Amino acid sequence: MNTNNAPPPVGSNQPPKMTARGVNVFYGAKQAIKNVSLDVRADEVTAFIGPSGCGKSTFLRCFNRMNDTVDSARVEGEIKLDETDIYAASMDVVQLRARVGMVFQKPNPFPKSIYENIAYGPRIHGLAANKTDMDGIVEGSLRRAGLWEEVKDRLGESGTAMSGGQQQRLCIARAIAVDPEVILMDEPCSALDPIATARIEELIDDLRGKYAIIIVTHNMQQAARVSQKTAFFHLGTMVEYGDTSTIFTNPSEGRTKDYITGRYG
Ligand SMILES: Nc1ncnc2c1ncn2[C@@H]1O[C@H](COP(=O)(O)OP(=O)(O)OP(=O)(O)O)[C@@H](O)[C@H]1O
Ligand SMILES: [Mg+2]
């Protein structure tokens, strides 16, 4: 686990953590993503924005091969994690999804105890040698997700018996527990109230630099608050990508401007 607490400065010229080149995604004959290329860096949060149906979730799911679970979906192009082609036949998809974790729109804790929700992944990946190790992973993950103080006395209670905001932080803790390198978040706050949303946004900022993070959001203020890079999608193409501050104040494309100023979407 990366124990360095200070996030590296943005733009520190590290090689990208993940690269997408010429990605096309089809559902049957229908093309949902058209020739998209993008670099994702560990020291930046990348936001995907754009109107409903433009392909944000489809493209996000390419980064941990989640589209493999959709029968009609076909992915073309190249996506690499460090130097490894994640679509290579030799790629172990279970390992990949531990390295590239995912947090969904609707919190989806397992119907098990809070402790077991966290311990499950490390156990199947053999990350803990004994109970003490596992206790440490559970506590560390819950601490990083900002949930430990709220749940430390009720680790045996069901994960589904928590508030929505707590459940989402539990799902983030669960993703962190297997020591991922990248975290994909698909509208992680859309089911949460403003206070729970603020906690998740703080958490995303804390996690920046430890993990490469991509977040899909419909909330423009959220994208502006949490991300350093923004990609704007429209009708399956990536129309514009750049520094979040530039995209929101001085976009080069008319379609980006129309979207961020609320003219459509
Ligand atoms: N499982 C699927 N089977 C067939 N078509 C799909 C499937 N999932 C998505 N699509 C289509 O692909 C396109 C992109 O969908 P996607 O869910 O990626 O959009 P999105 O930008 O995430 O939208 P939203 O903001 O509403 O979540 C849409 O036209 C959608 O209907
Ligand atoms: Mg979506």
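Residues numbered from 1 in each chain as written. Chains lettered and ligands numbered in written order. Predicted model: local features only at pLDDT ≥ 70, side-chain atom pairs only at ≥ 80, totals over all residues.

The name an unreviewed UniProt entry assigns to the protein chain is Phosphate transport system ATP-binding protein, from the organism Polymorphobacter multimanifer.

## Brief notes about the sheet that holds strand S8 (residues 212-216)
Taken in spatial order, the 6 strands line up as S6-S7-S8-S3-S9-S10 in an open sheet, and their pairing is mixed. What marks the edges here is a single partner per strand, and that holds for strand S6 (100-103) and strand S10 (237-243). Sheet twist, expressed as the average angle between the axes of neighbouring strands with direction ignored, equals 15 degrees. Packing of helix H6 (residues 164-177) onto the sheet brings it into contact with S6 and strand S7 (182-186), and relative to S6 it is tilted by some 170 degrees. (Pairing = 2+ DSSP bridges. Helix = DSSP H or I, 4+ residues; strand = E, 2+ residues; numbered from the N terminus. Axes fitted to C-alpha atoms, helices over the stretch in contact; angles between N-to-C directions. Contact = placed C-beta atoms within 7 Å.)

## Focus on the site of ligand 1
Around ligand 1 sit Tyr27, Ala32, Gly50, Ser52, Gly53, Cys54, Gly55, Lys56, Ser57, Thr58, Val70 and Ser72, and those are all the residues in its vicinity. For the shell around ligand 1, the leading source of residues is helix H1 (residues 56-62), giving 3 residues. In the shell around ligand 1, the residues fall into 4 nonpolar, 7 polar and 1 charged. (Near = placed C-beta within 6 Å. Nonpolar A, V, L, I, M, F, W, Y, C, P; charged D, E, K, R; others polar.)

## A short note on the pairing of S10
Two strands pair when backbone bridges link them, and strand S9 (residues 229-234) and S10 are joined in this way by 6 bridges, in the antiparallel orientation. From the neighbouring strand, Phe232 faces S10, where its bridge partner is Glu240.

## Description of the sheet that holds strand S4 (residues 73-81)
Strand order across the open sheet formed by 4 strands is S2-S1-S4-S5, with antiparallel pairing between neighbours. The strands lining the two open edges of the sheet, one partner per strand, are strand S2 (30-40) and strand S5 (84-85). In this sheet, S5 lies alongside S4 in antiparallel orientation, the contact comprising 2 bridges. When the sheet's bridge partners are listed, Lys80 is paired in S5 with Asp85.

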